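Descriptive analysis of the structure
Here are the chains, one letter per residue:
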Amino acid sequence: KQTGLTTLDYGFVNTSATRSTITYIDGDKGILRYRGYPIDQIAENSTYLETAWLLIYGELPTASQLEKFDSEIRHHTLLHEDLKRFFDALPHNAHPMSVLSAGISALSTYYQDSLDPRNPEHVEISTIRLLAKLPVMAAYAHKKSLGQAFLYPDNSLSFIDNFLRLNFGTMAEPYVANPVLSKALERLLILHEDHEQNASTSTVRLVGSTEANMFASISAGINALYGPLHGGANEAVLTMLAQIRDSGEGVEKFVERVKNKEAGIRLMGFGHRVYKNYDPRAKLVKEAADEVLAALGVKDDLLDIAKELEAIALADDYFISRRLYPNVDFYTGVIYKAMGFPTRMFTVLFAIGRLPGWIAHWREMQTDPATKIGRPQQLYLGSPERAWPTDR
Ligand code: CMC
């Protein structure tokens, strides 16, 4: 140990890097609150945009504040025409998460005169632009993968229906909104809106602490979310369920392989750094999965496998002793699949959900006078000083 300065804390298990007033979690009790409001009450009563306002500005909006916010976002949904050609440069099989992070960086080049983190007007317009345009870019990433033409946003529609239409409407056929689908997607996005200092939000804060602009910080957050141990878990869960089905090995055998840590496999959608009894979001998502599949008249054998997997794991000492429970990602993929989204879009949907939280944290950090550039310490274990070899 040569620096003598630090406490070594792999994965920041014990280190608070900031104070915050946005989200409260009690992992042992399974509590999640945004600005003091319990997550189940928010999911039951609010909308994506109202919750975004709550997270970003700290209080519930008045009716006129919400109307103005909604209308501003509607009027910023168009992407610059030139930006459409950005998608032409990418292969059709590009992962939509890569398209999204690159796209958000590219988007900032159109707004170079309004990116100053210290200018409140720039921060305000960047907030609106990101909330309005990121879902459009996400839908275009989806359309690109299908080889279908991009649709222009229809600002007469609600935020959610506009997004669904951009994904599932075509030039040939009008999109017919399905209220069950719209409501379910809205709820799922609300459940993802914030989760305090998770890996992607911490990334947004770390990048933002250098006074990089909001677009650059959020693009970095999207990349952090992409990994299968974080947001990418929803895609990984579905891949895992499909593998179990297609291999025919059976759920019990798969669980045995997980317990034996065979090739490092994990039960994707299980376990959480902070929730050690249950993830309150997972409970709500599981209910939504049953509702959506019933309403759409979809029977998915992957949902049956997921339920069997959950039942076996929750009765097994390996998972009980390590306090591993289903997390928010365990059932979301089954719902997104029933809605018609391809597996590779699942983490993009998580990104749309998490965007308001990233923005709220970025703004909180910029206005907190205690903020300093993020700069972790290290424990140096390398060679002591040595002389450059003279015989080289
Ligand atoms: N399947 C099997 N074993 C697991 C799992 C799992 N999903 N998660 C943790 N373990 C084991 C792990 O092997 C270790 O066992 P041992 O003590 O024998 O070495 C023990 O449980 C503790 O694991 P850890 O890796 O120290 O726990 P962590 O808090 O660092 O990791 C996690 C949290 C979410 C990364 C992890 O549980 C995991 O990899 N889960 C699967 C991926 C996943 O579903 N991620 C989504 C998280 S929720 C959405 C989000 O916000 O991103």
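Residue indices follow the written sequence of each chain, beginning from 1 at its first position. In view of the model being predicted, local features appear only for residues whose pLDDT reaches at least 70, and side-chain atom pairs are presented and counted only at 80 or more, with totals across whole chains, interfaces and linings using the full set of residues.

The chain goes by Citrate synthase in an unreviewed UniProt entry, where it is assigned to Subtercola boreus. UniProt positions are given in the numbering used here, feature names are shortened, and annotations may be inferred rather than shown by experiment. Its UniProt record, at the heading Sequence similarities (unreviewed entry), says of the chain: "Belongs to the citrate synthase family."

Let's shift gears to the overall build of the chain. Regarding its fold elements, the chain presents 17 helices and three strands. To get the radius of gyration, use the C-alpha atoms; to get the globule rule, take the number of residues to the power 0.38 and multiply by 2.2 Å. Taking 2.2 N^0.38 as the reference for a compact globule, 392 residues should give roughly 21 Å; the C-alpha atoms of the chain span a radius of gyration of 22 Å, in line with that estimate. Taken along its principal axes, the extent of the C-alpha atoms in the chain is 70 × 55 × 50 Å. Any residue with 12 or fewer other C-beta atoms within 10 Å of its own C-beta is exposed, any with 20 or more is buried, and the rest are partly exposed; the C-beta atoms used are placed from the backbone. Out of the 392 residues belonging to the chain, those deemed buried represent 42%. By sequence separation, contacts in the chain at least 24 residues apart represent 78% of the contacts at least 6 residues apart. The numbering of helices and of strands both runs from the N terminus, where a helix is a DSSP run of H or I of at least 4 residues and a strand a run of E of at least 2. Working definition of a contact: two residues with C-beta atoms, positioned from the backbone, lying within 7 Å.

With that settled, the discussion passes to the packing of helix H5 (residues 96-108) against helix H6 (residues 120-146). Each pair of packed helices can be described by the angle between their axes along with the distance between the axes. Contact pair H5 / H6: the axes reach a minimum separation of 9 Å and the direction vectors enclose 135°. Compared by their axis directions, H5 and H6 come out oblique. Note that H5 runs across H6; the crossing there is right-handed. Of the residues in H6, those in contact with Pro96, Val99, Leu100, Gly103, Ile104 and Leu107 of H5 are Lys133, Leu134, Met137, Ala138, Ala141, His142, Lys144 and Ser145. Grouping the constituent residues of the contact of H5 with H6 by class yields nine nonpolar, three polar and two charged. Every angle, taken between N-to-C directions, lies between 0 and 180 degrees, and every axis is a line fitted to C-alpha atoms, over only the stretch in contact when it is a helix. When describing relative orientation, an angle under 35 degrees is termed roughly parallel and one over 145 degrees roughly antiparallel, while 65 to 115 degrees is termed roughly perpendicular and anything else oblique. In a left-handed crossing the near helix is turned counterclockwise from the far helix by less than a right angle, and in a right-handed crossing that turn is clockwise. For this classification, the nonpolar set comprises Ala, Val, Leu, Ile, Met, Phe, Trp, Tyr, Cys and Pro, the charged set comprises Asp, Glu, Lys and Arg, and every other residue, Gly included, is treated as polar.

Right, let's talk about the UniProt feature "active site" (unreviewed entry) in the chain for a bit. This chain's UniProt record puts "active site" (unreviewed entry) on His272 and Asp329. Over a stretch of 58 residues, the named residues converge on one spot in the fold, their C-alpha atoms separated by at most 10.5 Å. With respect to the helices and strands, histidine 272 occurs in the loop between helix H12 (251-259) and helix H13 (280-296). When sequence neighbours within four positions are dropped, the list of residues in contact with histidine 272 reads Asp279 and Asn327. Tracing the backbone through its elements, the reader meets aspartate 329 in helix H16 (residues 329-339). Non-local contacts of aspartate 329, meaning those with residues more than four positions away in its chain, are made with Ala233, Asn234, Val237 and Gly269.

A few words now on the domain arrangement of the chain. Each domain's extent was defined by an automatic or database domain assignment. Along its sequence, the chain is carved into domain 1 (11-229 + 348-367) and domain 2 (233-339). Between the C-alpha centres of domain 1 and domain 2 there is a distance of 26 Å. Contacts between the two partners involve 20 residues from domain 1, matched on the other side by 23 residues from domain 2. Mapped by element, the contributors of at least two residues to the side of domain 1 that touches domain 2 are strand S2 (31-34), helix H1 (39-45), helix H8 (179-192) and helix H17 (346-367). Element by element, the count of residues in the side of domain 1 that touches domain 2 is highest for H8, at seven residues. Residue composition of the side of domain 1 that touches domain 2, grouped by class: 15 nonpolar, two polar and three charged.

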